[in-house]
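# Chains, contacts and geometry: an overview
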Amino acid sequence: MPVFTNAAVLIGLASFGLRCLAAPAMEPRVLSIPSALNPYPTKPRLTFKSDGTFKVTIFSDLHFGENAWDVWGPQQDVNSTRLMNTVLASEKPDFIVLNGDQITGENTFRENSTVYIDEILAPINSANIPFCSTQGNHDNQVNITHTEEIQRELSHTTLSYTRINPAGGKYAPGTYWVPVYAHKNDFQPALIIWAFDSEAGVSEGANSTALPDFVQASVASWIEQETSLMDEYWGPADKTRGALAFVHIPPHAVQAVWETLNSTVNPGLNADSLGVGSTQASGTPANAGKDQPFWDALNANVKNLHAVISGHDHGDEWCAREPTKDVIFCFDKHSGYGGYSSDGWGHGVRNIVFSTPDPSVGPETWIRLEEGETRARITLDKNYQ
Ligand SMILES: *[C@@H]1O[C@H](CO)[C@@H](O)[C@H](O)[C@H]1NC(C)=O
Ligand SMILES: *[C@@H]1O[C@H](CO)[C@@H](O)[C@H](O)[C@H]1NC(C)=O
Ligand SMILES: *[C@@H]1O[C@H](CO)[C@@H](O)[C@H](O)[C@H]1NC(C)=O
Ligand SMILES: *[C@@H]1O[C@H](CO)[C@@H](O)[C@H](O)[C@H]1NC(C)=O
Ligand SMILES: *[C@@H]1O[C@H](CO)[C@@H](O)[C@H](O)[C@H]1NC(C)=O
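Residues numbered from 1 in each chain as written. Chains lettered and ligands numbered in written order. Predicted model: local features only at pLDDT ≥ 70, side-chain atom pairs only at ≥ 80, totals over all residues. Heavy atoms only, no water.

## Some details on the site of ligand 2
Taken together, Trp72, Gln75, Gln76, Asn79, Arg82 and Tyr337 make up all the residues around ligand 2. One of the side-chain nitrogen or oxygen atoms of Arg82 is found 3.3 Å away from an oxygen atom of ligand 2. Looking at the shell around ligand 2, its residues break down into 2 nonpolar, 3 polar and 1 charged. (Near = heavy atom within 4 Å. Polar contact = N/O pair within 3.5 Å; in protein donor to acceptor, adjacent residues only side chain to side chain. Nonpolar A, V, L, I, M, F, W, Y, C, P; charged D, E, K, R; others polar.)

Structure representation (structure tokens):
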């Protein structure tokens, strides 16, 4: 992909005749494009393919680094690496999302916790596919933090589009968005990939304490701020921009959805009962409902939100419409050989495939197992029940 420079942004903007300050002849025009809307000035712009398609493959709950002192721990990681290589070679996605619990941090050591990030990056670097990540409860432990994982990612590959807290220290680190354009010189993106940090796990260090297990209420105003900036400069999203949202722990609203599943409408493994700790703000009664401001703001402000996608519950891979917001929620597929599992659950990925950048046309999604079997295929559009 060609590098999209700031100069190209200026030319692109000038050609649209927008936001140019009046300037005397012969002087370069100064444009007031907010840098917040050009978050990757030195990276190639992510674009749909020339045939209009865009394929996202999601690896979730890789759980590298379990029991380094036993034979089976490192062997699990060898297996997870094999799965990643197998899937990437045959699926050839345009973009990868790592949707949290990359590392089983409670088993890793201060001196080398993030070395496991390098193991996860190896198949991605060799396939040369851009990606971004969210972090999960197992990525926040005594010897590891979300920030340390992201820093390791950013310093060991140029393919990462993960950002550390673009709002500057106000929210949990993995809270950001990634623009994807239909064509590389377009004025505005056709798809926004949102990443939210559901925190959880425990704080770092000797006097570690439990962290809240939900996206903070303050993120609601960040969503409002970002979407209104996008609307102001790029125009309203309604007919032009679609969205996907990734967050490791499912929003609390998913608990009620689980109680009404129908295997015809909601195909895919449903082997993990949702209970305490399975969804956001469910770990302690004191936190009940605390992800609601996030859930309200996401659904009120992000238009054409094709799906909200989470991991965390390894035995679940279904999608369902969440009725209070009329939005589709999907579980990932447990990808790693680490982390809890059970006979027959298998390991694999979720694919999301767009046939066009047109946000009124929903993408298809399905589960692909390591061995190649696919299942639970649905289209993420208004016809989905
Ligand atoms: C990390 O350090 C531990 C303890 O020294 C060791 O057992 C383990 O193999 C190391 N892991 C890696 C990936 O080097
Ligand atoms: C690694 O994968 C092989 C082949 O699927 C499997 O038989 C074995 O149990 C796995 N080992 C671990 C430790 O996950
Ligand atoms: C954290 O790392 C230290 C130093 O490597 C190790 O002694 C300790 O057991 C680790 N703690 C946890 C909770 O894994
Ligand atoms: C942990 O708490 C103890 C007791 O309050 C204190 O003495 C110690 O300095 C703390 N350690 C760290 C690393 O903050
Ligand atoms: C499940 O959904 C299908 C398709 O809408 C419907 O025909 C069937 O009656 C539903 N099953 C139950 C148990 O509700």
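Now that the structure is up, let's keep going.
## Let's talk about the UniProt feature "domain: Calcineurin-like phosphoesterase" (unreviewed entry) in the chain
Per the UniProt entry, the sites bearing "domain: Calcineurin-like phosphoesterase" (unreviewed entry) are residues 54-315 in this numbering. Within the segment residues 54-315, helix and strand shares are 29% and 15% respectively, and the terminal C-alpha atoms sit 27 Å apart. (UniProt positions renumbered as here; feature names shortened; annotations may be inferred. Helix = DSSP H or I, 4+ residues; strand = E, 2+ residues; numbered from the N terminus.)

## Here we look at the sheet that holds strand β9 (residues 319-322)
A sheet is described by the order of its strands in space; here 7 strands give the open sequence β1-β5-β6-β7-β8-β10-β9, paired in mixed fashion. Every interior strand has two partners, whereas the edge strands, β1 (46-47) and β9, have only one. Examined bridge by bridge, strand β7 (residues 242-247) and strand β8 (residues 305-310) share 4 bridges and lie parallel to one another. Among the inter-strand pairings, Leu244 is bridged to a residue of β8, identified as Ala307. In this fold helix α5 (residues 219-234) packs onto β5 (176-181) and β6 (191-196), with an angle of close to 165° to the strand it touches most, β6. In this fold helix α7 (residues 292-301) packs onto β6, β7, β8, β9 and β10 (327-331), with an angle of close to 150° to the strand it touches most, β8. (Pairing = 2+ DSSP bridges. Contact = heavy atoms within 4.5 Å. Axes fitted to C-alpha atoms, helices over the stretch in contact; angles between N-to-C directions.)

## Side note on the sheet that holds strand β13 (residues 374-379)
Strand order in this open sheet of 6 strands is β4-β3-β2-β11-β12-β13, and the pairing throughout is mixed. Where the open sheet ends on each side, the last strands, each with one partner, are β4 (131-134) and β13. Put simply, the sheet's adjacent strands are angled 20° from each other on average, direction ignored. Bridging between strand β2 (residues 54-59) and strand β11 (residues 348-354) involves 5 bridges; their strand directions are antiparallel.

## Here's the deal with the packing of aromatic side chains
Applying the stated criterion across every chain, the model contains 16 aromatic pairs. Ring geometry for Tyr171 against Trp222: centres 6.3 Å apart, planes inclined by 55°, an arrangement best described as tilted. Residue Tyr171 is found in the loop between α4 (146-156) and β5, and its partner Trp222 is found in helix α5; the two are separated by 51 residues along the sequence. For Trp222, a relative accessible area of 1% corresponds to the buried category. Centre to centre, the rings of Phe329 and Phe331 are 4.9 Å apart; their planes meet at 90°, and the pair counts as edge-to-face. In terms of burial, Phe329 and Phe331 fall into one category: buried. Grouped by ring-pair contacts, the aromatic residues Tyr171, Trp177, Trp194, Phe196, Trp222, Trp234 and Phe294 constitute a single cluster. Between Arg163 and the ring centre of Trp177, over which it is positioned, the NZ or CZ distance is 5.1 Å. In this structure, Arg377 is placed above the aromatic ring of Trp366, and the distance from its NZ or CZ to the ring centre is 3.8 Å. (Phe/Tyr/Trp six-rings, centres within 6.5 Å; stacked < 30°, edge-to-face > 60°. Buried < 20%, exposed > 50% of the residue type's maximum accessible area, 1.4 Å probe, protein only. Lys NZ or Arg CZ within 6 Å of the ring centre and 35° of its normal.)

## Regarding the state of the cysteines
On inspection of all chains with the given rule, the structure shows 1 disulfide. The residue that forms a disulfide with Cys319 is Cys330, at a sulfur-sulfur distance of 2.1 Å. What sets the handedness of the Cys319 and Cys330 disulfide is the S-S torsion sign, and at about 110° it is right-handed. Here Cys319, found in strand β9, pairs with Cys330, found in strand β10; they are 11 residues apart in sequence, far enough to count as distant. The exposure class assigned to Cys319 is buried, which follows from its relative accessible area of 3%. Of the residues examined, Cys330 reaches a relative accessible area of 1% and is grouped as buried. For the unlinked cysteine Cys132, the closest cysteine sulfur is that of Cys330, found at 17 Å. The exposure class assigned to Cys132 is buried, which follows from its relative accessible area of 2%. (Disulfide = S-S within 2.5 Å.)

## A closer look at the site of ligand 3
Taken together, Glu106, Thr108, Phe109, Arg110, Glu111, Val142 and Asn143 form the complete shell of residues around ligand 3. Measuring from an oxygen atom of ligand 3, one finds a backbone N or O atom of Arg110 at 3.1 Å. Separating an oxygen atom of ligand 3 from a side-chain N or O atom of Asn143 is a distance of 2.4 Å. For ligand 3, the accessible surface in isolation is 360 Å², of which the surrounding protein chains cover 51%. Along the lines of polarity and charge, the residues of the shell around ligand 3 split into 2 nonpolar, 2 polar and 3 charged. (Areas by Shrake-Rupley, 256 points an atom, 1.4 Å probe, with all protein chains shown as cover.)

## Things to note about the layout of surface pockets
Size it by volume and the largest pocket reaches roughly 390 Å³. In terms of lining, the largest pocket is formed by 18 residues, of which the most central are Asn304, Leu305, Arg321, Asp326 and Lys382. Partitioning the lining of the largest pocket into residue classes produces 7 nonpolar, 5 polar and 6 charged. (1 Å grid on protein atoms, 1.4 Å probe; cavity = no way out; pocket = protein on both sides within 12 Å on 5 of 7 lines; lining within 4 Å. Points joined across faces, edges and corners; volume = space filled by probe spheres on them.)

## Looking at the nonpolar core
Judged by nonpolar contacts, the single largest core of 36 residues is most densely connected at Trp194, Phe196, Ile223, Leu298 and Val308. Counting residues per element, the ones that place at least two in this core are β5, β6, α5, β7, α6 (254-258), α7, β8 and β10. With 8 residues, the top contributor of residues to this core is α5. Those residues in contact with Val308 that sit more than four places away from it in its chain are Ala245, Val247, Pro251, Trp295, Leu298, Val327, Ile328, Phe329 and Cys330. Core analysis: the second largest hydrophobic core is formed by 31 residues, Phe48, Phe246, Ile352 and Phe354 among them. (Core = buried A, V, L, I, M, F, W, Y, C linked by side-chain atoms within 4.5 Å.)

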